[in-house]
Amino acid sequence: MQFDDIELMQLQFCMSETKKMMMHPSEHRRHASITKKIEDEMQRRKEATGAYTPEGVMRQLEEEIKFFEDKLKG
């Protein structure tokens, strides 16, 4: 699966919200495994591209603004 930075951040949020709903120990292990993979990928992107930093967020917002401006121009 491929997620953009915002989708990955949303997935991290969803995982943190569902953690309190886990009951069985095996659920906790799977949840922890998935959460670690998400956090590892977010850290990798932060180091590689500056994602999740103020500069990275600004760059991504500028790209989105340009996309919508170009779309409006036709």
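The structure under discussion appears in the preceding block.
Basis of the calculations
- Residues numbered from 1 in each chain as written.
- Predicted model: local features only at pLDDT ≥ 70, side-chain atom pairs only at ≥ 80, totals over all residues.
- Heavy atoms only, no water.
- Helix = DSSP H or I, 4+ residues; strand = E, 2+ residues; numbered from the N terminus.
- Contact = heavy atoms within 4.5 Å.
- Axes fitted to C-alpha atoms, helices over the stretch in contact; angles between N-to-C directions.
- Parallel < 35°, antiparallel > 145°, perpendicular 65-115°, else oblique.
- Left-handed = near helix turned anticlockwise from the far one by under 90°.
- Nonpolar A, V, L, I, M, F, W, Y, C, P; charged D, E, K, R; others polar.
- Expected span 1.5 Å × (residues − 1).
- 1 Å grid on protein atoms, 1.4 Å probe; cavity = no way out; pocket = protein on both sides within 12 Å on 5 of 7 lines; lining within 4 Å.
- Points joined across faces, edges and corners; volume = space filled by probe spheres on them.

Moving on, we get to the environment of Arg59. Of note, Arg59 is situated in helix α3 (residues 54-73). On a C-alpha basis, the gap between Arg59 and Leu72 in space is 20 Å, while along the polypeptide they are 13 residues apart. Those residues in contact with Arg59 that lie beyond four places of it in its chain are Thr49, Gly50 and Ala51.

This next bit is on the packing of helix α1 (residues 5-18) against helix α2 (residues 25-49). α2 packs onto α1 with a crossing angle of 150 degrees between their chain directions and a minimal axis gap of 10 Å. Judged by the inter-axis angle, α1 sits roughly antiparallel to α2. Crossing of α1 over α2 shows left-handed handedness. Counting all contacts with α1, which are made through Asp5, Leu8, Met9, Leu11, Gln12, Met15 and Thr18, the residues of α2 involved are His31, Ile34, Thr35, Ile38, Glu39, Glu41, Met42 and Arg45. Partitioning the contact of α1 with α2 into residue classes produces 7 nonpolar, 4 polar and 4 charged.

Looking now at α3. Here α3 spans 29 Å end to end across 20 residues, near enough to the 28 Å set by a 1.5 Å rise per residue. Just beyond α3, the residue with positive phi is Gly74, at close to 100 degrees.

Considered as a void within the structure, the largest pocket measures approximately 160 Å³ in volume. What lines the largest pocket is a set of 13 residues, and nearest its centre among them are Asp5, Ile6, Gly56, Val57 and Gln60. If you list the elements that add at least two residues to the lining of the largest pocket, you get α1 and α3. If one sorts the elements of the lining of the largest pocket by residue count, α3 sits on top with 7 residues. Taken together, the residues of the lining of the largest pocket sort by class into 6 nonpolar, 3 polar and 4 charged.

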